[in-house]
Amino acid sequence: MLTFDQALARGRVGTDEALALFDGLDAVPAEFMIGNWRGAEFPTGHRMDGMLTATGWYGKQFVDAETVHPLLFHTADRRAAFPVNPALVPIGLTLPKNRSYHRLITAARPLLGTSKPTARLRMTEYRGRVSATMIYDAKPINDVFRKVAEDTVLGVMDLRGDDRPYFFVLRRDAATPVLA
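Now for a quick tour of the structure. Values in this document were obtained by computation on a predicted structure and should not be read as measured data. (Residues numbered from 1 in each chain as written. Predicted model: local features only at pLDDT ≥ 70, side-chain atom pairs only at ≥ 80, totals over all residues. Heavy atoms only, no water.)

Looking at the overall build of the chain
What the chain contains, in helices and strands, is five helices and 10 strands. Its C-alpha atoms give the chain a radius of gyration of 15 Å, within 12% of the compact-globule value 16 Å for 180 residues. Along the longest, intermediate and shortest principal axes, the C-alpha atoms of the chain span 45 × 35 × 35 Å. Counting only residues that meet the buried cut, the chain has 49% of its 180 residues in that class. Pairs at least 24 residues apart make up 58% of the contacts formed inside the chain by residues separated by at least 6 positions. Counting every atom, the chain has about 8,700 Å² of accessible surface; 52% of that belongs to carbon and sulfur. Both charge centroids of the chain, one from 23 positive and one from 20 negative side chains, sit 7 Å from each other. (Helix = DSSP H or I, 4+ residues; strand = E, 2+ residues; numbered from the N terminus. Rg over C-alpha atoms; globule rule 2.2 N^0.38 Å. Buried < 20%, exposed > 50% of the residue type's maximum accessible area, 1.4 Å probe, protein only. Contact = heavy atoms within 4.5 Å. Areas by Shrake-Rupley, 256 points an atom, 1.4 Å probe, with all protein chains shown as cover. Lys, Arg positive; Asp, Glu negative; His and termini not counted. Charge placed at Lys NZ, Arg CZ, Asp CG, Glu CD.)

Right, here's the structure in full:
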């Protein structure tokens with residue numbers, strides 16, 4: 001079976017390989033997710049591959065089980081991150097991937113930004129295992145996490161109506177401030 005490091009070194013794996021890797025990882029308790037997490041894409045050929053990077057996505061923030069900011073984006077100078085309200089973002093929209101939309105996101109911060117939590121953290125069952133899951137308040141999305149290492153998780157975005165999951169990686173990051 002493919003390891004996490006081998007998958008990253010390859011640059012892209014198939015959905016079935018990514019699911020096998022995910023299934024082989026340990027579940028995590030909800031408390032494990034508390035903190036700031038810097039995100040990266042885990043390409044599998046999903047239609048959304050490349051979009052988070054193109055938009056300047058930073059990652060996620062878990063303050064507690066009821067206070068979760070699922071979409072954090074880099075500020076223009078990339079020294080901090082700010083939360084965006086997912087209800088105002090067309091998740092799953094496919095745009096040309098050879099462009100950067102970071103300036104657009106930062107310019108729209110007064111409209112898209114929020115200080116209110118827009119997701120919750122719960123333990124749910126996915127693919128036969130109970131693990132920490134981020135549940136969006138206003139979108140039919142569950143992000144399920146499995147432990148790669150003490151500071152790294154592999155996430156699966158389970159979007160209702162999508163025929164296959166979208167994968168991403170989160171790494172703990174206490175250094176980047178999150179603006180309200």
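Next comes the rest of the account.
With respect to helix H2 (residues 15-24)
The set of residues buried in H2 consists of Thr15, Ala18, Leu19, Leu21 and Phe22. Angularly, the buried residues of H2 cover 160° about the axis, an arc narrow enough to put them on a single face. Turning to H2, the residues buried within the fold contact helix H1 (4-10), strand S6 (119-126), strand S8 (141-149), strand S9 (152-159) and strand S10 (166-172). (Arc of directions from axis to C-beta.)

Observations concerning unusual backbone geometry
Non-glycine residue arginine 78 carries a positive phi angle of around 65°. Classification of arginine 78 as partly exposed rests on a relative accessible area of 44%. With phi around 55°, arginine 127 is a residue other than glycine that occupies positive phi space. Since its relative accessible area comes to 42%, arginine 127 is described here as partly exposed.

Overview of the pairing of strand S3 (residues 57-64)
In terms of burial, S3 is largely enclosed, as six of its eight residues are buried. Taken together, the four bridges between strand S2 (residues 35-41) and S3 define a ladder with antiparallel strand orientation. Pairing of tryptophan 37 across the sheet is with lysine 60, part of S3. As paired strands, S3 and strand S4 (residues 67-74) are joined by five bridges and run antiparallel to one another. (Pairing = 2+ DSSP bridges.)

Some thoughts on the pattern of salt bridges
Once the charged atoms of two side chains with opposite charge are near each other, the side chains can pair. Inspection of the entire model under this criterion finds seven salt bridges. As a salt-bridge pair, glutamate 150 and lysine 147 come within 2.4 Å of each other at their nearest N and O atoms. (Salt bridge = Lys/Arg side-chain N within 4 Å of Asp/Glu carboxyl O.)

Here we look at the side chain of threonine 114
Within the secondary structure, threonine 114 is located in the loop between helix H5 (109-112) and S6. Using a relative accessible area of 15% as the deciding quantity, one classes threonine 114 as buried. At 3.0 Å, the side chain of threonine 114 forms a polar contact with the backbone nitrogen of lysine 116. Setting aside chain neighbours within four positions, we find threonine 114 in contact with Pro83, Val84 and Asn85. (Polar contact = N/O pair within 3.5 Å; in protein donor to acceptor, adjacent residues only side chain to side chain.)

Details of the packing of aromatic side chains
Summed over the entire model, instances satisfying the criterion amount to seven aromatic pairs. Ring centres 6.1 Å apart and planes at 45° place the aromatic pair phenylalanine 32 and tryptophan 37 in the tilted group. Grouping residues by exposure puts phenylalanine 32 and tryptophan 37 together as buried. With a centroid separation of 5.8 Å and 90° between ring planes, the pair formed by phenylalanine 62 and phenylalanine 145 is classed as edge-to-face. One end of the pair, phenylalanine 62, is in strand S3; the other, phenylalanine 145, is in strand S8, and 83 residues separate them in sequence. (Phe/Tyr/Trp six-rings, centres within 6.5 Å; stacked < 30°, edge-to-face > 60°.)

Topic: the side chain of histidine 69
Its location among the elements puts histidine 69 in strand S4. Relative accessible area serves as the criterion here: at 6%, histidine 69 is assigned to the buried category. For histidine 69, the residues in contact, after removing those within four places along its chain, are Lys60, Gln61, Pro83, Ser115, Lys116 and Pro117.

A few points about the nonpolar core
Met33, Phe62, Phe145 and Leu170 are the most contacted members of the largest nonpolar core, which totals 31 residues. Where this core is concerned, the elements lending two or more residues are S3, S4, S6, strand S7 (129-136), S8, S9 and S10. Not counting chain neighbours up to four residues away, the residues in contact with phenylalanine 62 comprise Met33, Ile34, Gly35, Trp37, Thr67, Val68, Leu121, Met134 and Phe145. In this structure, Leu2, Ala7, Leu21 and Leu25 belong to the second largest nonpolar core, which totals 16 residues. (Core = buried A, V, L, I, M, F, W, Y, C linked by side-chain atoms within 4.5 Å.)

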